[in-house]
Amino acid sequence: MRVLVAHCEIGYAGRLETRLAAGDRVVLFKEDGSVCVHALTGAKPINYMAGPTVIEETEDVIRVRRPATSETLTILLLNVHADTSYPLTDDATIERQGRELDLHALLVRALHVIEDGLVLVERERPTDVGPVDLYCRDASGRVTLVEVKRVRAVAAAVEQVIRYREQVDLTPALAPARAIVAAPDFAPQARVLAAARGVECVVFDPETLRGEAAPHLTLF
Amino acid sequence: MKIHCSTEHLAERLATAARATSTRASIQVAAGVRITATSSEEPGELAATDLELSLRVPIEFEVEQPGSAVVPARLAQEVVRSLRSDRVTLEADPAGGRVQITAGTGVYGIHTHPVDDFPKLPEIDPERVFEVDRAAFTATVERVIRATSKDESRPVLTGALLQIEPGRLTMAATDSYRLAVKETVLTDEVPEPIEAIIPARALAEVTRLATGSGPISVSADRNQIAFGVDGVWLTARRIEGQFPNFRSLRPEGFEHEVRLPRGELADVVRRVGVFARHNAPLRLGFSNGEVSISAQTPDVGEARETIPAPFGGEPFEIGFNVDFLRDGIDTASGDEIVFQLISPLRPAVVTGTEDDFWYLIMPIRLST
């Protein structure tokens, strides 16, 4: 991995043509030929080119070409602050947690996090307007539909569970059903809509839930 | 090399040796069995290794020309097993690279691996070999091996700790959720104590080999441990690392001790356990004069049975992984199972009534 910190101008030619006037940037040359140009702020690179690439370098110009697409990134070096290469190794792959289905599984094992006495009847129960994440009965036996969001719930999540409730309420034996949205956080509009339409909002902490739902104690 | 032998004998010996072969493509020669023939007066040898475990299997040959060859284990097994002729001849091409198997009118040519590429097998120092009682050893392995871990990220737990000292053989295995310990009295002489963590696979292979009678030979050095059974030598690499101090894990005192009939308990756990799926716990509810065993899995159903139990304390409920509990009940001996309990979140001990075996099991935290 080469890390170049430089005051530079950057031009791109390919699907379109762009020019970035002079400024201080960090340029990463990765092992697979990918090149990323980072500005002083922002999480994403302001310019990048996916590998494999061909890099041609003269004293003050670095030309990165991507033969597959004939794109070219030209870095005009005006002042080099640092230019270092590191022999790095990294075989790890990212482990993703918190997928919605994972959360369903965790919640199923700790339904009291949503409400005491809640009993799961079925996961992903199909309705004509889509599957209900958790189809439950509450302590009084009333049908309770739970829509689970792994990130902040917006108004669309509330509307979704309302549609499910309308479908379930079409069956007199099941009506009136309760509707719950469970999420780590709620957008203000989602709360307003939920309050207006009789949908309950339950906030849970995924981290706590993981602790709650990982009940296997160990000896050491 | 040119040898003649009984087809049945060769097939049986090949099957034994082939258990140590590796199917990993990166070490092609490890998928082979080395056949070594010296003379008709001495037994020949089939050898195989996957670099972790190796097997040397003696075999009776009539040797016309001594030599050796490495044949692909699976192919050679398939061919020899399907032969109808009683006798078989194996002849290596002098130029190398091929072995011809002849039986009756059938002629089969097998491409071989280079003998020089075959890994060097660990030598067994006859000075260090001693014997242990076969029944005692295999019974000990069978009682603890289920508690070994399958998690390769913690290699120490994928094996069992073997301690052999004068008068006593101890084996312990744990996957961190449960711990099985068996201590067995040894009458054999032990020249020097051994403490080693042995891969579970190697122990399983030793018990598989040890179906006959007579003692098991044991020899250990710093890196390897070897077991000899009826002339077959199995060598395994010792697992490096520190095995948990298992004796300190056993609580010193318990709040409750409950004896339950083993057969009835095992049956109930098996029946009710059908409903403990997807990591759902098996619940044991102790109350006055009985224990209720129940399980519930969302989307599946629930079950509950009750067994009379000599319990007189404050009622409480404790949850266990059904498979782990079943293993404990199955491996304890005697007509009764003794549960020693402290509280719903502290480890419980399961023992039998007949020998020195104990099984420590952590409960599952019950949410409601």
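Our structure's up above, just so we're on the same page.
Asker: I keep staring at the overall build of chain B and nothing clicks. Help me out?
Answerer: A tally of regular secondary structure across chain B gives seven helices and 25 strands. Excluding contacts between residues fewer than 6 apart, the proportion of contacts in chain B whose partners are at least 24 apart in sequence is 65%. As presented, chain B carries roughly 17100 Å² of accessible surface, and 45% of it is formed by carbon and sulfur atoms.

Asker: How should I be thinking about the interface of chain B and chain A in this particular structure?
Answerer: The extent of an interface is frequently quoted as the accessible surface area lost upon association of the parts. Taken together, the contact pairs 24 residues of chain B with 14 residues of chain A. For the pair chain B and chain A, the number of links is zero salt bridges. Counting the contacts that link chain B with chain A gives one residue pair in polar contact (both at pLDDT 80 or more). A breakdown of the residues in the side of chain B that touches chain A according to their chemical character gives 12 nonpolar, eight polar and four charged.

Asker: Would you mind going over the packing of aromatic side chains with me for this structure?
Answerer: Residues and elements named next belong to chain B. Across all of its chains, the model carries seven aromatic pairs over all chains by this definition. Here a set of aromatic residues connected by ring pairs shows up, and it is made of Phe286, Phe311, Phe316 and Phe339. The cationic tip of Arg143 hangs over the ring face of Phe357; the distance from NZ or CZ to the ring centre is 4.8 Å. Cation over ring: Arg250 sits above Trp358, and NZ or CZ is 4.7 Å from the ring centre.

Asker: It is not clear to me how the nonpolar core should be interpreted in this structure. Could you clarify?
Answerer: Nonpolar side chains in soluble globular proteins tend to be buried together. Counting 102 residues, the largest nonpolar core has Phe137, Ile164, Phe227, Leu284, Leu325 and Phe339 of chain B as the members making the most contacts within it. If sequence neighbours within four positions are ignored, Phe339 of chain B has contacts with His256, Glu257, Val258, Leu260, Leu265, Leu284, Leu325, Val349 and Val350 of chain B. In terms of nonpolar packing, the next biggest core, distinct from the first, is built from 20 residues, Val132, Ala153, Ala177 and Ala179 of chain A among them.

Asker: Quick question: what am I supposed to make of empty space enclosed by the protein here?
Answerer: Rolled over the atoms, a probe sized like a water molecule indicates the empty space that remains. Residue and element names in this part refer to chain B. All chains considered together, the criterion is met by one cavity of 30 Å³ or more. Taken as a whole, the largest cavity encloses approximately 40 Å³ of empty space. Those elements that provide at least two residues to the lining of the largest cavity are α1 (7-18) and α2 (73-82).

Asker: How should I be thinking about the sheet that holds strand β8 (residues 119-127) of chain A in this particular structure?
Answerer: Within a sheet, each strand pairs with its neighbour through backbone hydrogen bonds, oriented either parallel or antiparallel. All names here are of chain A. The five strands are arranged β8-β9-β10-β11-β12 in an open sheet whose pairing can be described as mixed. Of all the strands in the sheet, just β8 and β12 (200-203) have a single pairing partner and so form its edges. Taking each pair of neighbouring strands and ignoring which way they run, the sheet shows an average axis angle of 30°. With four bridges joining them, strand β9 (residues 130-137) and strand β10 (residues 143-148) adopt antiparallel strand pairing. Each residue of the ladder has a partner; that of Arg137, found in β10, is Val143.

Asker: Just checking my understanding: could you explain the layout of surface pockets for this structure?
Answerer: Roughly 860 Å³ of volume is contained in the largest pocket. If you go around the largest pocket, you meet 37 residues; those closest to its centre are Val108 of chain A together with Arg283, Gln296, Pro298 and Ser367 of chain B. Considering only residue class, the lining of the largest pocket consists of 15 nonpolar, 10 polar and 12 charged. Each pocket or cavity is described by its volume, and for the second largest pocket that value is around 420 Å³. Every residue lining the second largest pocket is counted, 17 residues in all, and those nearest its centre are Glu152, Thr158, Pro199, Ala200 and Arg201 of chain B. Elements supplying a minimum of two residues to the lining of the second largest pocket: α4 (200-209) and β17 (232-237) of chain B. Here the lining of the second largest pocket is composed, by residue class, of eight nonpolar, three polar and six charged.

Asker: Explain the pairing of strand β4 (residues 53-59) of chain B here, please?
Answerer: Within a regular beta strand, the side chains point alternately toward one face of the sheet and then the other, so they alternate between its two faces. Judged by how many residues are buried, β4 of chain B sits mostly within the fold: six of seven residues are covered. Where strand β3 (residues 44-49) of chain B folds back onto β4 of chain B in an antiparallel hairpin, the turn is made up of three residues, including Leu51 of chain B, whose phi is positive at roughly 80°.

Asker: What's the story with the sheet that holds strand β24 (residues 348-351) of chain B in this structure? I'm lost.
Answerer: Residues and elements named next belong to chain B. The eight strands lie next to each other as β14-β11-β12-β13-β25-β24-β23-β18, forming an open sheet whose pairing is antiparallel. The two strands at the open ends of the sheet, each matched to only one other strand, are β14 (194-199) and β18 (256-261). Shown here is a sheet whose adjacent strand axes are inclined to one another by a mean of 20°, direction ignored. As defined by bridge partners, strand β11 (residues 159-165) adjoins strand β12 (residues 168-174) across five bridges and the pair is classed as antiparallel. In the sheet register, Gln163 faces β12, and the bridge partner there is Thr170.

Conventions and cut-offs
- Here the residue numbers are simple positions, counted from 1 along each chain's written sequence.
- Going through the entries in the order they are written, you letter the chains from A and number the ligands from 1.
- Given that the model is predicted, a residue must reach a pLDDT of at least 70 before its local features are reported, and side-chain atom pairs must reach 80 or more before they are shown or counted; all residues, however, enter totals for whole chains, interfaces and linings.
- Heavy atoms throughout the structure, all of them, feed into the side-chain values; hydrogens and water do not.
- A run of H or I in DSSP becomes a helix once it reaches four residues, and a run of E becomes a strand once it reaches two; helices and strands are each numbered from the N terminus.
- Every residue pair with non-hydrogen atoms within 4.5 Å of one another is taken to be in contact.
- For accessible areas, the Shrake-Rupley method is used with a probe of radius 1.4 Å. Any residue's cover is judged against the shown protein chains and nothing else.
- For salt bridges, the criterion is a side-chain nitrogen of Lys or Arg within 4 Å of an Asp or Glu carboxyl oxygen.
- Polar contact is the term for a pair of N or O atoms within 3.5 Å; when the atoms are in protein, one must be able to donate a hydrogen and the other to accept it, and sequence-neighboring residues count only if both atoms are side-chain atoms.
- For this classification, the nonpolar set comprises Ala, Val, Leu, Ile, Met, Phe, Trp, Tyr, Cys and Pro, the charged set comprises Asp, Glu, Lys and Arg, and every other residue, Gly included, is treated as polar.
- Here the aromatic set is Phe, Tyr and Trp, taking the six-membered ring for Trp, and pairing holds for ring centres within 6.5 Å; pairs whose planes are under 30 degrees apart are stacked, those over 60 apart are edge-to-face, and all others are tilted.
- Criterion for a charge above a ring: Lys NZ or Arg CZ within 6 Å of the ring centre, and within 35 degrees of the ring normal.
- Residues belong to one nonpolar core when they are buried, are Ala, Val, Leu, Ile, Met, Phe, Trp, Tyr or Cys, and are joined through side-chain atoms within 4.5 Å.
- Per-residue accessibility, obtained with a 1.4 Å probe over protein chains only, is compared with the maximum for each type, and a residue is labelled buried under 20%, exposed over 50%, and partly exposed between these values.
- Cavities and pockets were defined on a 1 Å grid built over protein atoms only: a cavity is a set of grid points that admits a 1.4 Å probe from which the probe cannot escape, a pocket is an open set flanked by protein on both sides within 12 Å along at least five of seven lines, and lining residues are those with an atom within 4 Å of any such point.
- Grid points are joined across faces, edges and corners, and a volume is the space filled by probe spheres set on the points.
- A pair of strands is considered paired only if DSSP assigns at least 2 bridges between the two.
- As a rule, the C-alpha atoms of each element are fitted with a line to give its axis, helices using only the stretch in contact, and angles between N-to-C directions run from 0 to 180 degrees.

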